[in-house]
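Here is how the chains run, residue by residue.
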Protein chains: 2
Amino acid sequence: MTSRSTYHHGDLRQAVLAAALDVIAADGPGALSLRDLARRAGVSHAAPAHHFKDRTGLLTALAAQGYGLLAETLAAAPDLRERGVRYVRFAVEHPAHFQVMFQPDLLRADDPDLLAAKERASAELRAGVAGLTDLPDARTAGIAAWSLAHGFATLLLTHNVRDALGDSDPEDYFRSLTGLLFAGQLPLAEGE
Amino acid sequence: MTSRSTYHHGDLRQAVLAAALDVIAADGPGALSLRDLARRAGVSHAAPAHHFKDRTGLLTALAAQGYGLLAETLAAAPDLRERGVRYVRFAVEHPAHFQVMFQPDLLRADDPDLLAAKERASAELRAGVAGLTDLPDARTAGIAAWSLAHGFATLLLTHNVRDALGDSDPEDYFRSLTGLLFAGQLPLAEGE
DNA sequence: TCATCATCTTGTCACTGACTAGATAGTGCG
DNA sequence: CGCACTATCTAGTCAGTGACAAGATGATGA
């Protein structure tokens, strides 16, 4: 921004990451161009490559950052429901990260930083059902809860529940969802 | 494929759509190139443009086709659980369609064909909870069920439940998920 | 002071999407 | 039958992009 006189940018890596988040939030990952990001940061078209190697590298770095943020968001949630609420909150507050994190074909799956951050987030997710020792299969229970939160978050970001939501807060709506489900009010079969 | 002697391809539209599905299923929508699809179909690089106008048009056509297939898959399911199972089945059998359908930034949101197909699928989803007249809010119930199925399907396609699944069939696993949830065995709060 | 290294620039290549103009084939209408 | 009309496809072109290579610049430390 401030017309720099120095040859070096100073913090190009962060500048590019931040600009990438803006672009993705606005127009999706497909609209992301390394050259455009370079222009926004005021550097030459090939400068970002030194920090991220290539487009996939940049997206992988974003995803790793996202998993780190998710782990922070989930940390020390009081109970399972609240963990789900925070999962939804993360998706709402970091839509660009969320999108990239769950598109494996955009990422370098074997990246060490990505794997580490993913493991941290995964541990937080597992911690949500760890205390439920009375369950026959805690892992399956965890996936059930994860599916619900992830599905709602995804439908939210893809504008598929916009009209049902109305003016209500997404997090509150999700709370009511879980309430409805777990009150056993929703018969699965033979509703007639 | 068969070295055509005629000037016209015959069914270029279908050929391009089919090739696009292959590419997307293999490497994601980002790897899709109109010129590559043209090469695969054995036509000139600009031929597909006549059928789909541009890249977004092609993806929109794919999404519309997907919503149509989804509506067919969901039609006349016996009960709500089975509707969820079929939703998961659709995602497994048509991963390329599923991916494109839920990335709005790739699509032309106001396309008439897309909107019509989406409405058909949406009607099938709503039909799943229509009979449950004892519910206070059928719409919220529908979103709860949709979230669960969509979340599981998404996590499945993004390879996030692979190890938990083991050798078991995804549809069976989803049935057990719903059983676990609706048996009320999963306490949301104060699990201690 | 000077060597070393990370950072950034410049130049280049093949590829892509989009657009244009024109060639070719099928279709209906007289 | 012949002729216009339209859909389909070809060929050529342009700007933008990712990736790579080689060189310039500045910071760091011995």
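Look a little higher up for the structure.
Residues numbered from 1 in each chain as written. Chains lettered and ligands numbered in written order. Predicted model: local features only at pLDDT ≥ 70, side-chain atom pairs only at ≥ 80, totals over all residues. Heavy atoms only, no water.

Asker: Outline the relation of the copies chain A and chain B, listing residues and values.
Answerer: Note on the identical chains: chain A maps onto chain B by a rotation of 180 degrees and an axial translation of 0.0 Å, with an RMSD of 0.0 Å. With respect to symmetry, the two chain copies, as superposed, fit the operation of a two-fold axis. Within chain A, G151 of chain A has its C-alpha nearest the rotation axis, a separation of 1.7 Å. Most of the interface of chain A is mirrored in chain B, where 100% of its interface residues are also at the interface. (Least-squares fit on C-alpha atoms with pLDDT ≥ 70 in both. Contact = heavy atoms within 4.5 Å.)

Asker: Please set out the protein's contact with DNA strand D residue by residue, giving values where relevant.
Answerer: Within the structure, DNA strand D sits among 25 residues, and R35 of chain A together with S44, H45, H50 and H51 of chain B are positioned closest to it. Among the atoms of DNA strand D close to the protein, meaning within 4 Å, 62% are from sugar or phosphate groups. The contact in question runs from a base oxygen of DNA strand D to an N or O atom on the side chain of H45 of chain B, over 2.7 Å. With respect to DNA strand D, the side chain of H51 of chain B contributes an N or O atom lying 2.6 Å from a phosphate oxygen. For the surface near DNA strand D, the elements supplying multiple residues, two or more each, are α2 (34-41) of chain A together with α3 (47-52) of chain B. Considered class by class, the residues forming the surface near DNA strand D number 9 nonpolar, 10 polar and 6 charged. (Near = heavy atom within 4 Å. Polar contact = N/O pair within 3.5 Å; in protein donor to acceptor, adjacent residues only side chain to side chain. Helix = DSSP H or I, 4+ residues; strand = E, 2+ residues; numbered from the N terminus. Nonpolar A, V, L, I, M, F, W, Y, C, P; charged D, E, K, R; others polar.)

Asker: Describe the protein's contact with DNA strand C, with residues and values.
Answerer: In the region of DNA strand C, 25 residues are neighbours, and S44, H45, H50 and H51 of chain A together with R35 of chain B sit closest. Sugar plus phosphate, as a fraction of atoms of DNA strand C within 4 Å of the protein: 64%. Between DNA strand C and R39 of chain B, the relevant distance is 3.3 Å, taken from a phosphate oxygen to a side-chain nitrogen or oxygen of the residue. Between DNA strand C and the protein, one listed contact pairs a phosphate oxygen with a backbone N or O atom of R55 of chain B at 3.0 Å. Those elements that place two or more of their residues in the surface near DNA strand C are α3 (47-52) of chain A together with α2 (34-41) of chain B. In terms of residue class, the surface near DNA strand C is made up of 9 nonpolar, 10 polar and 6 charged.

Asker: Outline helix α10 (residues 170-182) of chain B, supporting the account with residue identities and numerical values.
Answerer: Every α-helix winds through 3.6 residues per turn, so residues three or four apart in the chain are directed the same way. Compared with the 18 Å implied by 1.5 Å per residue over 13 residues, the 18 Å span of α10 of chain B between its first and last C-alpha is a close match. If you follow the buried residues of α10 of chain B, they end up packed against α8 (138-157) and α10 (170-182) of chain A together with α5 (80-93), α8 (138-157) and α9 (162-165) of chain B. (Expected span 1.5 Å × (residues − 1).)

Asker: Outline the pattern of salt bridges, listing residues and values.
Answerer: A complete count under the given rule lists 16 salt bridges over all chains for this structure. E82 of chain B is the partner of R175 of chain B in a salt bridge, and the nearest nitrogen-oxygen pair spans 3.3 Å. Of this pair, R175 of chain B sits in helix α10 while E82 of chain B sits in helix α5, placing them 93 residues apart in sequence. The exposure class of R175 of chain B is partly exposed, given its relative accessible area of 29%. Connected via shared salt-bridge partners are E82, R89, E171, D172 and R175 of chain A. (Salt bridge = Lys/Arg side-chain N within 4 Å of Asp/Glu carboxyl O. Buried < 20%, exposed > 50% of the residue type's maximum accessible area, 1.4 Å probe, protein only.)

Asker: Can you break down the interface of chain A and chain B residue by residue, with the values?
Answerer: Taken residue by residue, the interface counts 49 residues in chain A and 49 residues in chain B. Of the roughly 4600 Å² buried between chain A and chain B on both sides combined, carbon and sulfur atoms contribute 70%. The interface formed by chain A and chain B includes 0 salt bridges. Our enumeration of links across chain A and chain B arrives at 3 residue pairs in polar contact (both at pLDDT 80 or more). Looking at the side of chain A that touches chain B, the elements that each hand over two or more residues are α5 (80-93), α8, α9 (162-165) and α10 of chain A. Sort the elements by how many residues they give to the side of chain A that touches chain B and α8 of chain A lands first, with 13 residues. (Buried area = accessible area lost by both parts, 1.4 Å probe.)

Asker: Please set out the packing of aromatic side chains residue by residue, giving values where relevant.
Answerer: Residue and element names in this part refer to chain A. Throughout the structure, instances matching the rule amount to 12 aromatic pairs over all chains. Summarising the aromatic geometry, the rings of F152 and F174 are spaced 5.6 Å apart at their centres and angled 35 degrees between planes, so their arrangement reads as tilted. Here F174 lies in helix α10 and F152 lies in helix α8, a separation of 22 residues in the sequence. The pair formed by F152 and F174 is uniform in burial state, with each residue classed as buried. By way of ring pairs, the aromatic residues Y67, Y87, F90, F98 and F102 are connected into one cluster. (Phe/Tyr/Trp six-rings, centres within 6.5 Å; stacked < 30°, edge-to-face > 60°.)

Asker: Go over the environment of E119 of chain B with me, naming the residues and quoting the values.
Answerer: Tracing the sequence through the fold places E119 of chain B in helix α7 (residues 112-130). With 51 residues separating them in the primary sequence, E119 of chain B and G68 of chain B have C-alpha atoms 9.3 Å apart.

Nothing here speaks to function; it is all geometry.
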